[in-house]
Amino acid sequence: MSGAKFASSYDYIICGGGTSGCVVAARLSEDPSFSVLLLEAGISDHDLPATEVPSVGDSLQGTDIDWKFKCEPQENAYKGYQDVDCSKAKILGGGSTHNNMEFTRCAAADYDEWAQLGCTEWGWKDVLPYYMKSENWNCSEVDRDVHQTGGPMTVSRPHQSADHNLTLSKAFVKAGCDLGYKEIDACSGDILGFGDFPANIDSDGKRSSTSRAYIHPAENRPNLKVLCKAYVTKIDIKECKAVGVYFVLEGEKHHISANREVIVAGGPISSPQLLMLSGIGPKKHLEEIGIGCIADLPVGKNLQDHLGIVMKVAVKPGSGVWKPETLPVDVNCTTSVGFVKVNAEDDNPFPDIQFIFLNLLPYGPDARNLRKPYQHIDYNTTREGFTVLPTLLKPKSVGEIKLVNSDPFCHPIIDPHYLEHDYDVKTMVKGIRLAKQMIESDAFKSYECQLREWNLPDSPYDPWSEDHLTECVRHFAYTGYHPVGTCKMGASDDPSAVVDPKLRVRGIECLRVVDSSIMPVVPSGNTNAPSVMIGEKGANIIKTTIPSMV
Ligand SMILES: Cc1cc2nc3c(=O)[nH]c(=O)nc-3n(C[C@H](O)[C@H](O)[C@H](O)COP(=O)(O)OP(=O)(O)OC[C@H]3O[C@@H](n4cnc5c(N)ncnc54)[C@H](O)[C@@H]3O)c2cc1C
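Residues numbered from 1 in each chain as written. Predicted model: local features only at pLDDT ≥ 70, side-chain atom pairs only at ≥ 80, totals over all residues. Heavy atoms only, no water.

Engineer: Mind showing me how you'd approach empty space enclosed by the protein here?
Structural biologist: Gaps between atoms show up when a probe of the same size as a water molecule is rolled over them. Per the counting criterion, the structure on display carries 3 cavities of 30 Å³ or more. Taken as a whole, the largest cavity holds about 140 Å³ of empty space. What lines the largest cavity is a set of 20 residues, and nearest its centre among them are L303, Q304, D305, P416 and Y418. Of the residues contributing to the lining of the largest cavity, the split by class is 13 nonpolar, 4 polar and 3 charged. (1 Å grid on protein atoms, 1.4 Å probe; cavity = no way out; pocket = protein on both sides within 12 Å on 5 of 7 lines; lining within 4 Å. Points joined across faces, edges and corners; volume = space filled by probe spheres on them. Nonpolar A, V, L, I, M, F, W, Y, C, P; charged D, E, K, R; others polar.)

In structure tokens:
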């Protein structure tokens, strides 16, 4: 399928074969009258079958299927780490081929907020049909009115299998319910509470990525061409209309024309990069680096991400947790989830902290990156235990992406401005305290839990004081890998928006962005399922609306 023969023009050219891009390519090519070209910079997942194995998830970061982006040093965060991680997938299927497969549709209120901000027809009632269209629920105990079978992407509750004795994971849900929260279905939209964590894993125990779910069944269609290792360097724009793309394949430069539209789906770091390289972005910034500005738009602004902090808890032997050597191959290790509101005074319907429960003690990415004085003797312990990640869901700190220069191969400047806003730190500290309260509650009593403290040498503060926890958050909070928002969607007259609610780039004909970068506000949970939904809804919009704004 990635054979290098291709035509000189296609009706639709999709730049980026990630979570959203694969969905768009598969849905558009269902109509045999359209010719569709999908360009992906990374390899095909056919060439790396290990990505199908769910338990491998965590170890794919920083490998050859990762862009290995780094963020700018952060003034207010990441003090304990060597560098500021920004892992991003570079493979067909994008994040859905390389991530941890945690699956939630987030909160209904997230989408209603998008609609209120001017994104008409993006409210919960509008997006729910596209979630349902994308999903194939592989478990019996779900509400069949909203969780159907028949969509391409399989969603399971693999951890609930009788083979896995997840008593601690269940204790975590019980501890949350003992606090007065209800037991939830993480895909119901009504998510304040605790429950088990679904995963996009097939009934055969393999990862259900958008490449496996959407592209593999479609790859023999004569009207769909998928080119891997094809790096798009620029969109060809003539008289404010996208007419084609330039890309590099096997060291050679190519140009292909688009008869109908160019669709940008490079994800939240590369989509703004590609737009700016093509002359669409903040005029002043583009002129500084010698790129002529075709459309002066706030591309790269509005970068939002989740931050989490690892809490490790050792338990008595034989408590049913996994060790790396006993981790079943057909599961990810995140087994339950909680969504809480620690800022009760906030008058909004969103959870502000997500608890991710891992049925495993050693947990990788942040531990690998710690600077020497902060490495913890217990961090990579072989003891049995579990991990809880309190994660900030609605950060007030907002960052941005810029270009270093006009070289398409130069990584962009990524500056998330993590924890710039005090609200974010205070909310995370409240999340830590609530997790501690749960771990010390009756639900966990029989497991002899020992909560490990972070290693802040020479700290003058009491370990559980506000000052100490604030320092811990500023040293050890780590990306949740959910950057979004850099090609923000908004009303067609919203000056902070890059695309309108039909996903058309403002001021440019025949050009859309369809991926997680269009999210106006980061949703209250993991961003892969929302990116699948955006692919589904975006494809439908493309089929039913004209490509320029009226
Ligand atoms: C380590 C990690 C773990 C995660 N875990 C989870 C999880 O468990 N659950 C969850 O819901 N979310 C998770 N996420 C987030 C989720 O995967 C992303 O939000 C989602 O993949 C975003 O989809 P996207 O289509 O916007 O971008 P991506 O999936 O990143 O796709 C963009 C694609 O475009 C390609 N591309 C970029 N530039 C070019 C170019 N110039 N030319 C051609 N191709 C290009 C890229 O190679 C990539 O394949 C995780 C992310 C990471 C990094």
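From this point, the discussion proceeds with the structure in view.
Engineer: What is the right way to read the environment of D422 from this model?
Structural biologist: Relative to the elements of secondary structure, D422 occurs in helix α10 (residues 422-439). Note: C-alpha distance between D422 and P395 (27 residues apart in sequence) is 9.9 Å. A distance of 3.3 Å separates the side chain of D422 from the side chain of R474, its partner in a polar contact. (Helix = DSSP H or I, 4+ residues; strand = E, 2+ residues; numbered from the N terminus. Polar contact = N/O pair within 3.5 Å; in protein donor to acceptor, adjacent residues only side chain to side chain.)

Engineer: Any chance you could explain the packing of aromatic side chains here in plain terms?
Structural biologist: Think of a pair of aromatic rings as described by two things: how far the centres are apart, and how the planes are tilted against each other in angle. For the structure shown, the criterion picks out 25 aromatic pairs. Centre to centre, the rings of Y12 and F34 are 5.1 Å apart; their planes meet at 85°, and the pair counts as edge-to-face. With a gap of 22 residues between them, Y12 in strand β1 (residues 9-15) and F34 in the loop between α1 (19-28) and β2 (36-39) connect regions that are remote in the sequence. Considered together, Y12 and F34 belong to a single accessibility category, that of buried residues. On the numbers, 6.2 Å between centres and 20° between planes, the contact of F194 with F355 is stacked. Of this pair, F194 sits in strand β8 (residues 193-196) while F355 sits in strand β18 (residues 353-358), placing them 161 residues apart in sequence. Judged by its relative accessible area of 0%, F194 falls in the buried class. Taken together through their ring pairs, the aromatic side chains of F172, Y181, F194, F355, F357, F386 and F444 make up a single cluster. (Phe/Tyr/Trp six-rings, centres within 6.5 Å; stacked < 30°, edge-to-face > 60°. Buried < 20%, exposed > 50% of the residue type's maximum accessible area, 1.4 Å probe, protein only.)

Engineer: Would you take a moment to explain the packing of helix α3 (residues 108-116) against helix α4 (residues 124-134) for this structure?
Structural biologist: Describing two packed helices takes the angle between their axes plus the distance from one axis to the other. Orientation of α3 relative to α4, taken along the N-to-C sense of each, is 125°, at an axis distance of 8 Å. In terms of orientation, α3 and α4 fall into the oblique class. Residues A108, Y111 and D112 of α3 form the contact with α4, whose own contacting residues are W124, V127 and Y131. Here the residues of the contact of α3 with α4 sort into 5 nonpolar, no polar and 1 charged. (Axes fitted to C-alpha atoms, helices over the stretch in contact; angles between N-to-C directions. Parallel < 35°, antiparallel > 145°, perpendicular 65-115°, else oblique. Contact = heavy atoms within 4.5 Å.)

Engineer: Would you explain the pairing of strand β10 (residues 230-238) in this entry?
Structural biologist: The two faces of the sheet receive side chains in turn, since in a regular strand these alternate between them. The element β10 is largely enclosed, with a buried count of 7 among its 9 residues. Here β10 runs beside strand β11 (residues 241-249); their pairing, made up of 8 bridges, is antiparallel. Bridge pairing links V232 to F247 in β11. Hairpin geometry of β10 and β11 is characterised by an intervening segment of 2 residues between the two adjacent antiparallel strands and by a positive phi of about 45° at E239. (Pairing = 2+ DSSP bridges.)

Engineer: Any chance you could explain the site of the ligand here in plain terms?
Structural biologist: Lining the immediate environment of the ligand, one finds 38 residues, of which E40, E102, S516, T527 and N528 sit closest. Contacts to the ligand include T19, whose side-chain N or O atom sits 2.9 Å from an oxygen atom. For the ligand, a nitrogen atom lies 2.8 Å from a polar atom in the backbone of E102. Burial of the ligand by the protein chains amounts to 97% of its free accessible area of 1,000 Å². Breaking the shell around the ligand down by element, the ones donating at least two residues are α1, α2 (95-98), β10, α7 (267-277) and α12 (528-544). (Near = heavy atom within 4 Å. Areas by Shrake-Rupley, 256 points an atom, 1.4 Å probe, with all protein chains shown as cover.)

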